[in-house]
Amino acid sequence: MAPSVTDTRVATEPASKKIKPNPTTDPAVYDVHHQKFISDGLPSTAEAWIERARQVGEILAQDAPARDIDNKTPKAEIALLKSAGLLKLLGSKAIGGGGQDWEVGYKVIREVAKGDGSLGMLLGYHLLWSTTANVVGTDEQKERIQKLIIENNYFVGGAVNPRDNDLHITEEGDHLVFDGFKNFNTGGVVSDLTVLEGVYAGTEYHIFAFVPTAQPGMEFAHNWNNIGLRLTESGSVRINKIQVPWSDALGWDTKTKTPDPAYLSIPFGTLLLPTIQLVFSNFYLGIAQGALSFAAKYTTTSTRAWPYGGDNKASPTEEFYILERYGNFFAHLRAAETLTDRAGKEIAGVYAKHGEKRTVSERERGEVAEWVASTKIVTTDTALRVTAGVFEVTGSRATGKKVGLDRFWRDVRTHTLHDPVAYKNREVGEFVLLDKVPEPTWYT
């Protein structure tokens, strides 16, 4: 019988295929913070949620360079996100969630990313995947899955990389069987639930479904060892004949076994794409803001003035070129933040206006996507420039591995290769010159 998403069995991968997992961080290291967050309870206002995220970011920043070097599976850090309540941020208050919208969600992602880009990314992906059923699921699935995630404080990962071959889906009795391989599966190793996506055999129709991560058919390769975002566990996974009840096929009619057009043939069902693209921009921006803050502390405590300039200064904070660079970086980050906030307001507005009846038009969806594309362009360019440029104002000693200043650039560089920003430039150009909104794709 197919396991439902309420199944919590422990995975027992066959010995012949067992791969040694990475060491994990110990949740006990954050015990004092767990106790405080649990005692304080969930924040009740948008401002309080953002402050909670800021606190989490500061906690993570304290040992982020060392954790980046160690590259251990972030079990402890996911536990911190859980005890802080951040995984529940977008859930309805009626079922114990934070009751916040995406405008707040994006700012929360950004605050966490300032301290640790990997955890900002993991939180962002979780918030997207945890609301997937709200966008492409039936009303019954939306309520059931949200309740499951919020009440159990689950962390959600996803095996949905569209650049890989789609998972192959077949039918066996009253359930579906997902089978295939994904090169990237962000957060899967530390997740409670995983979103799967594939193509139903003999059709061109895609199916999304939530499955318990702890089951034998979820075979992680434990092979994520990239230059940046090292704590995101974004390695490959083999989906080995995982069974899913038909009732968990998001947005499908279980009687006719076809996609329900009321949920899957409308512009609203494609909102996941601009929503997650703006997730990316927010952790890019947060990482860059974190880099500038980290560099500023280093400059004021460790950088030395240059003694051979002809107009020698006693302190690096008197050096013209240092002041000029910090001012320029800060101004560009401030402009990027303003644009990013506006795009977040646009996304939140679409969900607020159309979330109940799912009535967004193609044009309205497209115009929101262009706000997101503009933001992606600006945050990509600005974050790369700032995270690389901070070395100019910190000095050669700041390149020390233990200092950890390089992690900000490595994190941004790694993820900005996710999808070429050049296509976002072209897309916005078509909008400006031809009044053309983009057709929905896996990246728009």
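Student: Is there a simple way to explain the overall build of the chain in this structure?
Tutor: A tally of helices and strands in the chain yields 14 helices and nine strands. Taken against the 2.2 N^0.38 rule, which gives 22 Å for 444 residues, the C-alpha radius of gyration of the chain at 22 Å falls within 12% of a compact globule. For the chain, the C-alpha atoms occupy an extent of roughly 80 × 55 × 40 Å along the three principal directions. When the 444 residues of the chain are sorted by exposure, 55% land in the buried category.

Student: I'm lost on the packing of helix α1 (residues 31-40) against helix α4 (residues 75-83) in this one. Help?
Tutor: How two helices sit against one another is set out by the angle between their axes and by the gap between those axes. Direction vectors running N to C along α1 and α4 enclose 20°, while the axes themselves pass 9 Å from each other. Regarding the angle of α1 to α4, the classification is roughly parallel. Regarding α1 and α4, the two cross each other, and that crossing is left-handed. Residues His33, His34, Phe37 and Ile38 of α1 lie in contact with α4, whose contacting residues are Ala79, Leu80 and Ser83. Here the contact of α1 with α4 is built from residues that sort into four nonpolar, three polar and no charged.

Student: Any chance you could explain the pattern of salt bridges here in plain terms?
Tutor: Where charged atoms from two side chains of opposite charge come close, those side chains can pair. Summed over all chains, the structure comprises 28 salt bridges. In this structure, arginine 54 and glutamate 58 form a salt bridge, with 2.4 Å as the shortest nitrogen-oxygen distance. Of this pair, arginine 54 and glutamate 58 both sit in helix α2 (residues 46-61), four residues apart, which is roughly one turn of that helix. Under the relative-accessibility criterion, arginine 54 is labelled partly exposed at 30%. Lysine 424 is the salt-bridge partner of aspartate 419, the closest N and O atoms lying 3.5 Å from each other. With a relative accessible area of 5%, lysine 424 lands in the buried category. Through salt bridges with shared partners, a single ionic network connects Asp63, Arg67, Glu77 and Asp116.

Student: Help me out: how do you make sense of the side chain of asparagine 185 in this one?
Tutor: Here asparagine 185 lies in the loop between β3 (175-182) and β4 (193-200). Given the relative accessible area of 1%, asparagine 185 is considered buried. A polar contact is formed between the side chain of asparagine 185 and the backbone nitrogen of alanine 159, at a distance of 3.5 Å. In this structure asparagine 185 touches Gly158, Ala159, Thr194, Phe220, Glu233, Ser234, Gly235 and Val237, once residues within four positions along its chain are discounted.

Student: Can you help me understand a nonpolar patch on the surface in this one?
Tutor: Residues Trp306, Tyr308, Phe320 and Tyr321 make up a contiguous nonpolar surface patch of roughly 580 Å² in combined accessible area. Mapped onto the elements of the fold, tyrosine 321 is located in helix α11 (residues 320-354). In this structure tyrosine 321 comes out as partly exposed when scored by relative accessible area, which is 38%.

Student: I tried to follow the confidence of the model for the chain on my own but got confused; where do I start?
Tutor: Where the model shows low pLDDT, its predicted coordinates should not be examined in detail. On average, the chain scores 94 in pLDDT, and the residues at 70 or more come to 96%. Residue range residues 6-16 is modelled with pLDDT below 50. Its contacts to residues more than four positions away, or to other chains, number 13 contacts.

Student: Help me out: how do you make sense of the packing of aromatic side chains in this one?
Tutor: The description of two aromatic rings rests on the distance between their centres and on the angle between their planes. Taken as a whole, this structure holds 13 aromatic pairs when the rule is applied. Relative to tryptophan 246, the ring of tyrosine 200 lies with its centre 5.6 Å away and its plane at 90°, an arrangement referred to as edge-to-face. Here tyrosine 200, found in strand β4, pairs with tryptophan 246, found in the loop between β7 (237-245) and β8 (252-253); they are 46 residues apart in sequence, far enough to count as distant. Each of the two residues, tyrosine 200 as well as tryptophan 246, counts as buried. Taken together, a centroid distance of 6.3 Å and an interplanar angle of 45° make the contact between phenylalanine 208 and tryptophan 442 tilted. Of this pair, phenylalanine 208 sits in strand β5 (residues 206-212) while tryptophan 442 is found in the segment after α14 (421-434), placing the two residues 234 residues apart along the sequence. Here the aromatic cluster, defined as three or more aromatic residues joined through ring pairs, consists of Tyr125, Phe280, Phe283 and Tyr284. One cation-aromatic arrangement involves arginine 407 over phenylalanine 294; the distance from NZ or CZ to the ring centre is 5.7 Å.

Student: Which parts of the structure should I look at to understand the nonpolar core?
Tutor: For soluble globular proteins, nonpolar side chains are generally found buried alongside one another. Val56, Leu86, Trp102, Leu123, Phe210 and Phe283 are the most contacted members of the largest nonpolar core, which has 85 residues in total. In terms of residues, this core owes the most to one element, helix α10 (residues 272-301), which gives 14 residues. Ignoring sequence-local partners within four residues, the contact set of leucine 123 consists of Leu81, Leu86, Leu87, Val108, Ile109 and Val112. Residues Leu167, Ile239, Ala249 and Trp252 belong to the second largest nonpolar core, which totals 19 residues.

Student: Would you mind showing me how to read the pairing of β5 here?
Tutor: If a strand is regular, its side chains alternate between the two faces of the sheet. Counting buried residues in β5 gives six out of seven residues, a clear majority hidden from the surface. The pairing of β4 with β5 spans seven bridges and is classified as antiparallel. Counterpart to threonine 194 in the pairing with β5 is valine 211. As consecutive antiparallel partners, β4 and β5 are separated by five residues, and within that stretch glycine 202 has a phi angle of approximately 80°, a positive value.

Student: How should I be thinking about the environment of glycine 124 in this particular structure?
Tutor: Within the element layout of this structure, glycine 124 appears in helix α6 (residues 117-130). C-alpha separation for the pair glycine 124 and valine 108, spaced 16 residues apart in sequence, amounts to 8.8 Å.

Student: It is not clear to me how the pairing of β4 should be interpreted in this structure. Could you clarify?
Tutor: Within β4, eight of the eight residues are buried, leaving the element largely enclosed by the surrounding structure. Sheet topology places strand β1 (residues 156-159) next to β4; four bridges connect them, and they run parallel. Within β4, the residue paired with glycine 157 across the bridge is threonine 194. Bridge analysis of strand β2 (residues 167-172) against β4 gives three bridges, and the strand direction is parallel. Across the sheet, the residue bridging to isoleucine 169 is tyrosine 200, located in β4.

Conventions adopted
Residues numbered from 1 in each chain as written. Predicted model: local features only at pLDDT ≥ 70, side-chain atom pairs only at ≥ 80, totals over all residues. Heavy atoms only, no water. Helix = DSSP H or I, 4+ residues; strand = E, 2+ residues; numbered from the N terminus. Rg over C-alpha atoms; globule rule 2.2 N^0.38 Å. Buried < 20%, exposed > 50% of the residue type's maximum accessible area, 1.4 Å probe, protein only. Axes fitted to C-alpha atoms, helices over the stretch in contact; angles between N-to-C directions. Parallel < 35°, antiparallel > 145°, perpendicular 65-115°, else oblique. Left-handed = near helix turned anticlockwise from the far one by under 90°. Contact = heavy atoms within 4.5 Å. Nonpolar A, V, L, I, M, F, W, Y, C, P; charged D, E, K, R; others polar. Salt bridge = Lys/Arg side-chain N within 4 Å of Asp/Glu carboxyl O. Polar contact = N/O pair within 3.5 Å; in protein donor to acceptor, adjacent residues only side chain to side chain. Patch = residues over 30% accessible without salt bridge, like charges linked within 9 Å, V, L, I, M, F, W, Y side chains within 5 Å. Areas by Shrake-Rupley, 256 points an atom, 1.4 Å probe, with all protein chains shown as cover. pLDDT = per-residue confidence, 0-100. Phe/Tyr/Trp six-rings, centres within 6.5 Å; stacked < 30°, edge-to-face > 60°. Lys NZ or Arg CZ within 6 Å of the ring centre and 35° of its normal. Core = buried A, V, L, I, M, F, W, Y, C linked by side-chain atoms within 4.5 Å. Pairing = 2+ DSSP bridges.

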